[in-house]
Amino acid sequence: MLIPTREERYSKAPKITLLLCVMIPSAVVAWLADYSDPLTLLFAFLQPIALILAFLGVKAGLSMIISAVLQGACFLGVAANRRLSSKAKLTICVTWGMAFAAALRFLIAWSVWRQATGK
C-alpha cells in the first residue's frame, strides 16, 4: 500500500476543491438550521456579508451581488496566487469557509432571537 508523502498530498489543489472548502461549511449550517431550498444552500456562503449589508440599508438583491463580487474577487486572488503553496491555499479556503459558517450561525441565532423577543 502506497502512502503519499506530505508534498504529494498537497501538490495540487484543484480550484473546485478550494471552492467547495469555502461553500460547504455554510451550506451545512444552513441545512442544520432547516433551510431546505437548494438555492439557499448553494448560496449560503454569501449570506454573512449580504445580511450585514442589508442591515446597513442596502437592498437584498444588491447586497447578494456585492457579496458575490467581493468573495469572487478574493477567491480568484487566492486561487491564482502562484506564491502560495497548495497547502496554504487549502488552509486559507478552509479557514474562510469555517469563519463564514460561524458568522452565518451567529446571524441565524441573532435573527431567531430578534423574532422571539419582538425587537
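How each quantity is defined
- Residues numbered from 1 in each chain as written.
- Predicted model: local features only at pLDDT ≥ 70, side-chain atom pairs only at ≥ 80, totals over all residues.
- Heavy atoms only, no water.
- Helix = DSSP H or I, 4+ residues; strand = E, 2+ residues; numbered from the N terminus.
- Buried < 20%, exposed > 50% of the residue type's maximum accessible area, 1.4 Å probe, protein only.
- Contact = heavy atoms within 4.5 Å.
- Areas by Shrake-Rupley, 256 points an atom, 1.4 Å probe, with all protein chains shown as cover.
- Lys, Arg positive; Asp, Glu negative; His and termini not counted.
- Charge placed at Lys NZ, Arg CZ, Asp CG, Glu CD.
- Axes fitted to C-alpha atoms, helices over the stretch in contact; angles between N-to-C directions.
- Parallel < 35°, antiparallel > 145°, perpendicular 65-115°, else oblique.
- Left-handed = near helix turned anticlockwise from the far one by under 90°.
- Nonpolar A, V, L, I, M, F, W, Y, C, P; charged D, E, K, R; others polar.
- Phe/Tyr/Trp six-rings, centres within 6.5 Å; stacked < 30°, edge-to-face > 60°.
- Lys NZ or Arg CZ within 6 Å of the ring centre and 35° of its normal.
- pLDDT = per-residue confidence, 0-100.

## Structural notes on the overall build of the protein chain
Part 1 of the reasoning: The number of helices and strands found in the protein chain is six helices and zero strands.
Part 2 of the reasoning: Counting from the amino terminus, helix and strand elements in the protein chain follow one another as α-α-α-α-α-α.
Part 3 of the reasoning: Principal axes of the C-alpha set define a box for the protein chain whose edges measure 60 × 30 × 20 Å.
Part 4 of the reasoning: In the protein chain, which comprises 119 residues, the proportion classed as buried is 28%.
Part 5 of the reasoning: Sequence separation of 24 or more characterises 59% of the internal contacts of the protein chain that already satisfy a separation of 6 or more.
Part 6 of the reasoning: As displayed, the protein chain offers around 8300 Å² of accessible surface, 70% of which is attributable to carbon and sulfur atoms.
Part 7 of the reasoning: The average position of the 12 basic charges and that of the 4 acidic charges among the side chains of the protein chain differ by 11 Å.

## Brief notes about the packing of helix 2 (residues 15-32) against helix 5 (residues 60-80)
Part 1 of the reasoning: Their axes nearest at 11 Å, the elements helix 2 and helix 5 cross at an angle of 135°. The angle between the axes of helix 2 and helix 5 places the two elements in the oblique class. Where helix 2 crosses over helix 5, the two elements pack in a sense that is right-handed. For the pair helix 2 and helix 5, contact is made by K15, L18, L19 and V22 and by Q71, F75 and A79, respectively.
Part 2 of the reasoning: Counted by class, the contact of helix 2 with helix 5 contains five nonpolar, one polar and one charged residues.

## As for the packing of aromatic side chains
Part 1 of the reasoning: Going through the model one piece at a time under the given rule, you end up with two aromatic pairs.
Part 2 of the reasoning: A ring pair is formed by F55 and W110, whose centres lie 5.6 Å apart and whose planes are at 80°; its orientation type is edge-to-face. Placement of F55 in helix 4 (residues 47-55) and of W110 in helix 6 (residues 86-117) is noted, with a sequence separation of 55 residues between them.
Part 3 of the reasoning: Since its relative accessible area comes to 58%, F55 is described here as exposed.
Part 4 of the reasoning: On the accessibility criterion, W110 (31% relative accessible area) is partly exposed.
Part 5 of the reasoning: Consider the rings of W96 and F100, whose centres lie 6.5 Å apart with planes at 65°: the pair is edge-to-face. With W96 and F100 both in helix 6 and four residues apart, the pair spans about one turn of that helix.
Part 6 of the reasoning: Lying across the ring of W110, R114 places its NZ or CZ 4.9 Å from the centre.

## Considerations on the confidence of the model for the protein chain
Part 1 of the reasoning: Scored by pLDDT, the protein chain has a mean of 89; 93% of the residues are at 70 or more.
Part 2 of the reasoning: Summarising per-element confidence for the protein chain, the mean pLDDT is lowest in helix 1 (residues 6-9) (69) and highest in helix 5 (94).

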